[in-house]
Amino acid sequence: MSSNNLYISETPADVKNAKGLHLITQNTPNGQATQILLEELADTHNAEWTTTVINISTNEQKKEWFLRLNPNGRIPTLVDNSQSPPFPVIETSAQMLYLIKFFDKDDTFGFKDELERNEALQWMFFWHGGGAPYQGQVNHFTKAAPEKIPYAINRYKNETLRVYGVLEIRLSGQYTGEPRDYLVGHGKGKYSVADIKTWPWVKGWERTGFTQEDMKPFPHLLKWIDRIAERPAVQRGIGDKYVQK
Ligand SMILES: N[C@@H](CCC(=O)N[C@@H](CS)C(=O)NCC(=O)O)C(=O)O
């Protein structure tokens, strides 16, 4: 791919002139996954990047300049202008794997051990394919849909609660006898890309419309939410910096 095809005159200058990594995002749960990892890498590995915050309600992400970087027309989209030609990365989980490959050589947020590394992929895929889309549909059918369809709302709410239950099984150690602090890693686990991928969605349970009562079966998951929320990089990664001015 030639860089001439990647950028056109409508591509924002901040995107095409970025020196290295550039993130095009909005402060949604998907945007926050990559935002948080970048903020973590800033603290641990001096990672540097620039950011363009767009407003997806204006459909900026469906314009040609954006589709050239990400044919899926969704945020977040990452582009690495330090590659030649510049290298776009679509899909949050692939962005996170790209970032740890190039910026986290000591596996602070990933794993050296191949089995742990595979486990991290398992839990990332689980949330990417089996959590985010369902919680997203709850948000859609309860908030955005012009018509309130109880069947759709119940179906997606129940499935989201079911996958919260899967995370609870994992964290509580229900079948292993060993509770864990994080989704992946030996023993109690280690904070990793698997947690970062999952947390921005699950922490929004209240916003999605679940009640304290709904969440009662998931005490370990609620503690996990609070544990991760304490991290300064996590707070920055969901903070004002990513709100469109
Ligand atoms: N599977 C994608 C999902 C990205 C996604 O759904 N982004 C939403 C915002 S949270 C979006 O851009 N929506 C705007 C649209 O669909 O036009 C990923 O993980 O990156």
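Since the structure is predicted, the reported quantities are computational estimates derived from the model, not experimental observations. Along each chain, numbering runs from 1 in the same order as the chain's sequence is written. Side-chain atom pairs in this predicted model are given and counted only at pLDDT of 80 or more, local residue features only at pLDDT of at least 70, and totals for whole chains, interfaces and linings cover all residues.

1. A word on the overall build of the protein
Segments assigned H or I by DSSP are reported as helices when at least four residues long, segments assigned E as strands when at least two residues long, and all are numbered from the N terminus. From N to C terminus, the protein includes 13 helices and 4 strands. Taken over C-alpha atoms, the radius of gyration is set against a globule rule of 2.2 Å times the number of residues to the power 0.38. Against the 2.2 N^0.38 benchmark of 18 Å for 245 residues, the protein shows a C-alpha radius of gyration of 18 Å, consistent with a compact globule. Principal axes of the C-alpha set define a box for the protein whose edges measure 55 × 50 × 30 Å. Note on contacts: each residue gets a C-beta atom placed from the backbone, and two residues are in contact if those atoms are within 7 Å. Intrachain contacts of the protein at a sequence separation of at least 6 include 67% that bridge at least 24 residues.

2. Quick notes on the site of the ligand
Nearness rests on one distance test: the residue's C-beta atom, set from the backbone, must lie within 6 Å of the molecule or strand. What surrounds the ligand is the set Thr28, Asn30, Ile56, Gln61, Gly73, Arg74, Ile75, Glu91, Thr92 and His128. Grouping the constituent residues of the shell around the ligand by class yields 2 nonpolar, 6 polar and 2 charged. Gly falls in the polar group here, along with every residue not listed as nonpolar (Ala, Val, Leu, Ile, Met, Phe, Trp, Tyr, Cys, Pro) or charged (Asp, Glu, Lys, Arg).

3. Quick look at the sheet that holds strand β4 (residues 87-90)
Strand pairing is assigned whenever DSSP detects at least two bridges linking the two strands. The sheet built from 4 strands is open, its strands ordered β2-β1-β3-β4 with mixed pairing. Two strands in the sheet have a free side with no partner beyond their single neighbour: β2 (49-53) and β4. Recorded for the sheet is a direction-independent mean angle of 20° between the axes of neighbouring strands. Pairing analysis gives 5 bridges linking strand β1 (residues 21-25) to β2, with the strands arranged parallel. Along β2, the bridge assignment pairs leucine 21 with tryptophan 49. Note on method: axes are straight lines fitted to C-alpha atoms, helices fitted across the in-contact stretch only, with angles between N-to-C directions ranging 0 to 180 degrees. Docked against the sheet, helix α3 (residues 29-45) engages β1, β2 and β3 (77-80), running at close to 150° with respect to β1.

4. Topic: the domain arrangement of the protein
Bear in mind that the domain bounds are from an automatic or database domain assignment. One can read the domain layout of the protein as domain 1 (3-107 + 234-242) and domain 2 (114-231). Every contact between the two is made by 13 residues of domain 1 and, on the other side, 12 residues of domain 2. Those elements that provide at least two residues to the side of domain 1 that touches domain 2 are α3, α5 (92-103) and α13 (232-237). In terms of residues, the side of domain 1 that touches domain 2 owes the most to one element, α3, which gives 6 residues. Taken together, the residues that form the side of domain 1 that touches domain 2 break down as 8 nonpolar, 5 polar and no charged.

5. Brief notes about the UniProt feature "domain: GST N-terminal" (unreviewed entry) in the protein
UniProt's feature table lists "domain: GST N-terminal" (unreviewed entry) at residues 18-107, given in the numbering used throughout. Overall, residues 18-107 shows 39% helix and 20% strand. The separation of its end C-alpha atoms is 26 Å. UniProt positions are given in the numbering used here, feature names are shortened, and annotations may be inferred rather than shown by experiment.

6. Looking at the nonpolar core
Each nonpolar core comprises buried Ala, Val, Leu, Ile, Met, Phe, Trp, Tyr and Cys residues, the members being joined through C-beta atoms within 7 Å. As a rule, residues whose C-beta atom has 12 or fewer other C-beta atoms within 10 Å are exposed, those with 20 or more are buried, and those in between are partly exposed; C-beta atoms are placed from the backbone. Among the nonpolar cores identified, the biggest contains 47 residues, and Leu37 and Val193 are the most heavily contacted of them. The residue makeup of this core includes at least three contributed by each of domain 1 (3-107 + 234-242) and domain 2 (114-231). The residues touching leucine 37, leaving out its near neighbours within four places in the chain, are Met96, Leu99, Phe109, Val193 and Ile196.

7. Describing unusual backbone geometry
In this model, isoleucine 75 is joined to proline 76 through a cis peptide bond whose omega is -5°. Here proline 76 shows up in the loop between α4 (64-69) and β3. Cis geometry is found at the peptide bond from serine 84 to proline 85, where omega equals -5°. Examined against the element boundaries, proline 85 turns out to sit in the loop between β3 and β4. Backbone geometry at asparagine 59 places phi at a positive 65°, although glycine is not the residue there. Here asparagine 59 lies in the loop between β2 and α4. One non-glycine residue, aspartate 107, lies in positive phi territory at about 60°. Locating aspartate 107 in the fold gives a position in the loop between α5 and α6 (114-130).

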